[in-house]
Amino acid sequence: MAQNALLWQQLWQMGAALLAGAALAFCYDVYRALQPAGRRPARAYIAGDALFAVCGALLLSLLWLLLDGGGLRAAVLLWLGGGAWLYRRALGGRLLLLRRGRKARRRKRVKQESRLEKLLLRAAIAVRRRHRLRRLRQAERREKRTAELRLRQEQQAEDDAAGE
């Protein structure tokens, strides 16, 4: 029975660590979404990142003090990373699109449109080449037919002249 309770306690810790990792990844996305768009000095990034790291460390230490009586195992760090990874795989970056939605969607649409324009341009060039080749072949056939008709007319004129 005690072993069963220990197993449930470890599963509880694993689930809590996964959720905490996902929550930290979400908080980091919120932090990134609140940052103004564009270039900023490196000091601004360093200060914000350091503040986020300190707040995250305080929250995690508080969580582990309450959850496991202050014991921190290496597996917990892996579970935290796993929770952050799961969040990133499921929702990563979506919050930035919500905040900067119009600009981000517009950039994405422009990029897609430019790709589409390139493809259409290539297709149009290929069609023009085909039409040009087709016109050249038709002109060659006309010239060949015209030459054959002239030759026949000349032969017929010679035959008529010889027959008279």
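All figures in this text were calculated on a predicted structure; none of them were measured in a lab.

S.K.: Could you give an account of the overall build of the protein, naming the residues involved and the relevant values?
M.R.: Of regular secondary structure, the protein possesses five helices and zero strands. Along the chain direction, N to C, the helices and strands of the protein fall in the order α-α-α-α-α. A total of 164 residues make up the protein; the buried ones form 14% of that total. Restricting the contact set of the protein to residue pairs at least 6 apart, pairs at least 24 apart contribute 81%. Roughly 13600 Å² of accessible area belongs to the protein as shown, and the carbon and sulfur atoms make up 61% of that amount.

S.K.: So what's going on with the side chain of D29? Residues and values would help.
M.R.: In this fold, D29 is placed in helix α1 (residues 2-34). A distance of 3.0 Å separates the side chain of D29 from the side chain of Y87, its partner in a polar contact.

S.K.: I'd like a rundown of the pattern of salt bridges, residues and numbers included.
M.R.: Where charged atoms from two side chains of opposite charge come close, those side chains can pair. Counted by the stated rule, this structure contains one salt bridge. Among the salt bridges present, the one from D29 reaches R88, with a minimum N-O distance of 2.8 Å. Taken as a pair, D29 in helix α1 and R88 in helix α3 (residues 74-91) lie far apart in primary sequence, 59 residues in all. On the basis of relative accessibility, which here comes to 0%, the residue D29 falls in the buried class.

S.K.: So what about the packing of α1 against α3? Which residues, and what values?
M.R.: It is the contact of α1 with α3, at a shortest axis distance of 7 Å, that shows an interaxial angle of 50°. On the basis of the axis angle, α1 is oblique to α3. Pair α1 / α3 crosses with right-handed handedness. Split into classes, the residues belonging to the contact of α1 with α3 amount to 15 nonpolar, five polar and three charged.

S.K.: Describe in detail a positive patch on the surface, supporting the description with residues and values.
M.R.: A grouping of R130, R134, R137, R141, R142 and R145 is seen on the molecular surface, where their side chains present a positively charged patch. The residue R145 is located in helix α5 (residues 101-163) in this model.

S.K.: Kindly report on α1, identifying the contributing residues and their values.
M.R.: Compared with the 48 Å implied by 1.5 Å per residue over 33 residues, the 47 Å span of α1 between its first and last C-alpha is a close match. If you check which residues of α1 are buried, you get Q13, A16, A17, A20, G21, A25, D29, Y31 and A33.

S.K.: Can you lay out the nonpolar core for me, pointing to particular residues and giving the numbers?
M.R.: Counting nine residues, the largest nonpolar core is built from A16, A17, A20, L60, W64, L67, V76, W79 and L80. For this core, the secondary structure elements donating two or more residues are α1, α2 (42-68) and α3.

S.K.: Give a description of the packing of aromatic side chains that names residues and reports values.
M.R.: Under the criterion given, the structure shown has two aromatic pairs. Centre to centre, the rings of F26 and Y87 are 6.3 Å apart; their planes meet at 85°, and the pair counts as edge-to-face. Highlighted residues: F26 in helix α1 and Y87 in helix α3, separated in sequence by 61 residues. A residue is classified by how much of its surface remains accessible, and Y87, at 9% relative accessible area, is buried.

Rules behind the numbers
- Residues numbered from 1 in each chain as written.
- Predicted model: local features only at pLDDT ≥ 70, side-chain atom pairs only at ≥ 80, totals over all residues.
- Heavy atoms only, no water.
- Helix = DSSP H or I, 4+ residues; strand = E, 2+ residues; numbered from the N terminus.
- Buried < 20%, exposed > 50% of the residue type's maximum accessible area, 1.4 Å probe, protein only.
- Contact = heavy atoms within 4.5 Å.
- Areas by Shrake-Rupley, 256 points an atom, 1.4 Å probe, with all protein chains shown as cover.
- Polar contact = N/O pair within 3.5 Å; in protein donor to acceptor, adjacent residues only side chain to side chain.
- Salt bridge = Lys/Arg side-chain N within 4 Å of Asp/Glu carboxyl O.
- Axes fitted to C-alpha atoms, helices over the stretch in contact; angles between N-to-C directions.
- Parallel < 35°, antiparallel > 145°, perpendicular 65-115°, else oblique.
- Left-handed = near helix turned anticlockwise from the far one by under 90°.
- Nonpolar A, V, L, I, M, F, W, Y, C, P; charged D, E, K, R; others polar.
- Patch = residues over 30% accessible without salt bridge, like charges linked within 9 Å, V, L, I, M, F, W, Y side chains within 5 Å.
- Lys, Arg positive; Asp, Glu negative; His and termini not counted.
- Charge placed at Lys NZ, Arg CZ, Asp CG, Glu CD.
- Expected span 1.5 Å × (residues − 1).
- Core = buried A, V, L, I, M, F, W, Y, C linked by side-chain atoms within 4.5 Å.
- Phe/Tyr/Trp six-rings, centres within 6.5 Å; stacked < 30°, edge-to-face > 60°.

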